[in-house]
Amino acid sequence: MQHMTKPGSQQEGLSLMVSYDVSGFCERNRDVLFNDIIELMQSSEFSFMRSLFPENLEAEKRGRPTTASTKIKKQANTLVQTLMKCTPHYIRCIKPNETKRPRDWEENRVRHQVEYLGLRENIRVRRAGYAYRRAFNKFLHRYAILTRETWPRWGGEERQGVLHLLNSVNMDSDQFQLGRTKIFIKAPESLFLLEEMRERKYNGYARVIQKAWRKHIAVRKYVKMREEASDILLNRKERRRNSLNRNFVGDYIGTENHPEIRQFVGRRERIDFADVVVKYDRRFRSVKRDLILTPKFLYLIGREKVKQGPDKGQIQEVLKRKIELGKIQSVSLSTLQDDMFVVHEEEYDSVLQSVFKTEFLSLLVKRYQEKTEKKLPLKFNNLSVHYNLSLSLSLSLSL
């Protein structure tokens, strides 16, 4: 409770009583601690510090509270959405005096502000019913992009160029008037239509530039990849005509549209190569596998029938192999025009066949060097290739 007195007035000596209610003040103004801060304090080596934070985080599973910045952003978006639903009105403020007193009117000051703001011309134009006015050359410069005839410049008379622009957007004749040097537009909606069409044109040209630039970057990337692939197999293996003279796509499966395959790969892992390959087992029987290469792992995904449960009899994707790139020992190939290669690993090796082996090997060599800072050994032999199917079984493949 506090007594207040207003000094220097006729009411001096009058006491004003102000009451404050502090119940619930701390609860309403309490800052919520994040769970990670509580865990940090509970892990302290001082028992007194741990006793200050007795919360049971396992029993109270809750997400992070909304931050102040998120609240401000949400409120700002709500305000903008409300403003967009309104019709804007512009108010001109005139300062009538410097004394800041009512009924003190300086005529010269007011006249100067009225002339400086162009209020008389605005009132005259508003009375005539046309609120927007702009010189012909400025109007042409701003909206010339709307038609091919006016872009990048209009070769004829400016008045005819403005009329051509208005006819191109099908603006009604009662919505504008052409003066000697200026154009007058009646409704703000007509002006908003011009602005919207102008933004669409710029967005369209921006997308064309982006598409051309991305294509240029992709071409340079694919040319570099082809050069790297050519250097890896140069004078060491015979190649078909189209093994390098094509675009390197990388993802030939379209994993973005197949979540059943993408589920085996980490969320933040980038897929460098994906293709359906042929894998040979110990009896040299072929089976199809989805081969996926990321900067860290090499995946082999197969399909099996579900034997139990509600999905019994259905085909389901199964992760067959997940090989860390650092554990790959070498890759064996022949020097002939075949698509077979053997990936040697610590546990057992994989005999694979893919028509895109050149692209796969170039990416595998690059990612292996980035992971281990060593070059991946590539072995070329036409007579036989030894590979392990398990820890105790070794076979020889004649190529």
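Criteria and thresholds
Once a new chain begins, its residue numbering starts again from 1 and follows that chain's sequence as written. Side-chain atom pairs in this predicted model are given and counted only at pLDDT of 80 or more, local residue features only at pLDDT of at least 70, and totals for whole chains, interfaces and linings cover all residues. Hydrogens and water molecules were not included; the side-chain quantities draw on all heavy atoms of the structure. Relative accessible area decides the class of each residue, using a 1.4 Å probe on protein chains only: under 20% of the type maximum gives buried, over 50% gives exposed, and in between gives partly exposed. Helix and strand assignments follow DSSP, with helices taken as H or I runs no shorter than four residues and strands as E runs no shorter than two, numbered in order from the N terminus. Pairing between two strands requires that DSSP report at least two bridges joining them. Helix axes use the C-alpha atoms of the stretch in contact, all axes being lines fitted to C-alpha atoms, and the angles between their N-to-C directions lie in the range 0 to 180 degrees. Here, the term nonpolar core denotes a set of buried Ala, Val, Leu, Ile, Met, Phe, Trp, Tyr and Cys residues that are joined through side-chain atoms within 4.5 Å. For this analysis, residues touch if any pair of their heavy atoms sits within 4.5 Å. Stacked, edge-to-face and tilted labels apply to pairs of Phe, Tyr and Trp rings (six-membered ring for Trp) whose centres lie within 6.5 Å, assigned for plane angles under 30 degrees, over 60, and everything in between, in that order. Over a ring means this: the NZ of a Lys or the CZ of an Arg is within 6 Å of the ring centre and within 35 degrees of the ring normal. Here the angle decides the label: under 35 degrees means roughly parallel, over 145 means roughly antiparallel, 65 to 115 means roughly perpendicular, and every other value means oblique. Under the grouping applied here, Gly and all other residues not named as nonpolar or charged are polar, the nonpolar ones being Ala, Val, Leu, Ile, Met, Phe, Trp, Tyr, Cys and Pro and the charged ones Asp, Glu, Lys and Arg. Two N or O atoms count as a polar contact when they lie within 3.5 Å, although within protein this holds only if one can serve as hydrogen donor and the other as acceptor, and sequence-adjacent residues are included solely when both atoms are side-chain atoms. For this document, the term salt bridge refers to a Lys or Arg side-chain nitrogen within 4 Å of an Asp or Glu carboxyl oxygen.

Trainee: Help me understand the pairing of strand E11 (residues 340-345) in this model?
Mentor: The side chains of a regular strand alternate, residue by residue, between the two faces of the sheet. Most of E11 is tucked away: 6 of the 6 residues are buried. Burial along E11 is two-sided: Met340, Val342 and His344 facing one way and Phe341, Val343 and Glu345 facing the other are all buried. Looking at chain direction, strand E10 (residues 328-333) and E11 are connected through 4 bridges and run antiparallel. The residue bridging Val331 from the neighbouring strand is Val343, located in E11. Counted along the chain from E10 to the antiparallel partner E11, the turn is 6 residues long. Strand direction decides the pairing type here: E11 and strand E12 (residues 350-353), joined by 4 bridges, are antiparallel. Its bridge partner lying in E12, Met340 is registered against Gln353.

Trainee: For this particular structure, what's the right way to read the sheet that holds E11?
Mentor: The strands that make up a sheet pair up through hydrogen bonds in the backbone, lying either parallel or antiparallel. With mixed pairing, 8 strands are arranged side by side in an open sheet as E9-E8-E7-E6-E12-E11-E10-E13. Where the open sheet ends on each side, the last strands, each with one partner, are strand E9 (315-324) and strand E13 (378-380). Sheet twist, expressed as the average angle between the axes of neighbouring strands with direction ignored, equals 35 degrees. Sheet topology note: the strand E8 (residues 297-305)/E9 ladder contains 9 bridges and is antiparallel.

Trainee: What is the right way to read the nonpolar core from this model?
Mentor: For soluble globular proteins, nonpolar side chains are generally found buried alongside one another. Counting residues in hydrophobic clusters, the biggest one holds 28 residues, and the most contacted among them are Leu293, Leu298, Ile328, Val331, Phe360, Leu364 and Leu376. A per-element tally of this core places helix H11 (residues 357-372) first, with 6 residues. Look past the residues within four positions of Phe360 in its chain and what remains in contact with it is Phe273, Leu291, Leu293, Leu298 and Phe341. Formed by 18 residues, the second largest nonpolar core is a distinct cluster that contains Tyr132, Phe136, Val162 and Leu194.

Trainee: Teacher, can you tell me more about the packing of aromatic side chains here?
Mentor: We describe a pair of aromatic rings using the distance from one ring centre to the other and the angle between the two ring planes. In the structure shown here, the tally under the stated rule is 6 aromatic pairs. Here the aromatic rings of Phe273 and Phe360 are separated by 5.5 Å at their centres, their planes lie at 50 degrees, and the arrangement is tilted. Of this pair, Phe273 sits in strand E6 (residues 273-280) while Phe360 sits in helix H11, placing them 87 residues apart in sequence. Of the two residues examined, Phe273 and Phe360, each falls in the buried class. Seen from their ring centres, Phe297 and Tyr299 are 6.0 Å apart, and the 55 degrees between their planes marks the pair as tilted. According to the relative accessible area criterion, Tyr299 is buried, its value standing at 0%. An aromatic cluster is present here, built from Tyr252, Phe273, Phe341, Phe356 and Phe360 joined pairwise through their rings. It is Lys322 that lies over the ring of Phe297; its NZ or CZ is 4.5 Å from the centre.

Trainee: Would you mind showing me how to read the packing of helix H9 (residues 188-233) against H11 here?
Mentor: How two helices pack is summed up by the angle between their axes together with the distance between the axes. As a packed pair, H9 and H11 sit with axes 9 Å apart at the nearest point and diverge in direction by 90 degrees. Of the possible angle classes, the one that applies to H9 and H11 is roughly perpendicular. In this structure, H9 contributes Met225, Glu228, Ala229, Ile232 and Leu233 to the contact, and H11 contributes Thr358, Glu359, Leu361, Ser362, Leu363, Val365 and Lys366. Residues that form the contact of H9 with H11 fall into these classes: 7 nonpolar, 2 polar and 3 charged.

Trainee: Before we go on, may I ask you to explain the side chain of Ser330 in this structure?
Mentor: The residue Ser330 is located in strand E10 in this model. Ser330 has contacts with Val342, Val343, His344, Leu376, Pro377 and Lys379, leaving out every residue within four places of it along the chain.

Trainee: Hey, could you run me through the environment of Glu195 in this one?
Mentor: Relative to the assigned elements, Glu195 resides in helix H9. For the pair Glu195 and Arg142, spaced 53 residues apart in sequence, the C-alpha to C-alpha distance is 9.3 Å. Those residues within four positions of Glu195 in sequence are excluded, and the remaining contacts are Arg142 and Tyr143. A distance of 2.8 Å separates polar atoms of two side chains, one belonging to Glu195 and the other to Arg142.

Trainee: What is the right way to read the pattern of salt bridges from this model?
Mentor: Any two side chains of opposite charge can pair, on the condition that their charged atoms come close. Considering all chains together, one arrives at 17 salt bridges under this definition. When the shortest N-O distance is used, the salt bridge between Glu196 and Arg200 registers 2.7 Å. Note that Glu196 and Arg200 are positioned in helix H9 at a spacing of 4 residues, about one turn of the helix. Among the salt bridges present, the one from Asp339 reaches Lys357, with a minimum N-O distance of 3.3 Å. Of the two residues, Asp339 is situated in the loop between E10 and E11 and Lys357 in helix H11; the sequence distance between them amounts to 18 residues. What makes Asp339 buried here is its relative accessible area of 8%. For Lys357, a relative accessible area of 7% translates into the label buried. One connected set of salt bridges, linked through shared partners, spans Lys95, Glu98, Glu106 and Arg109.

Trainee: What is the right way to look at the sheet that holds strand E4 (residues 176-178) in this model?
Mentor: Within the open sheet, the 3 strands sit side by side as E3-E5-E4. Their pairing is antiparallel. Edge positions in the sheet fall to strand E3 (132-135) and E4, since each of these pairs with one other strand and no more. Going across the sheet, the axis of each strand differs from the next one's by a mean of 15 degrees, ignoring polarity. Here 4 bridges tie E3 to strand E5 (residues 182-185), and the two strands are oriented antiparallel to one another. The partner of Ala135 across the bridge, within E5, is Lys182. Contacts from helix H8 (residues 158-168) reach E4 and E5, with the element oriented near 165 degrees to E4.

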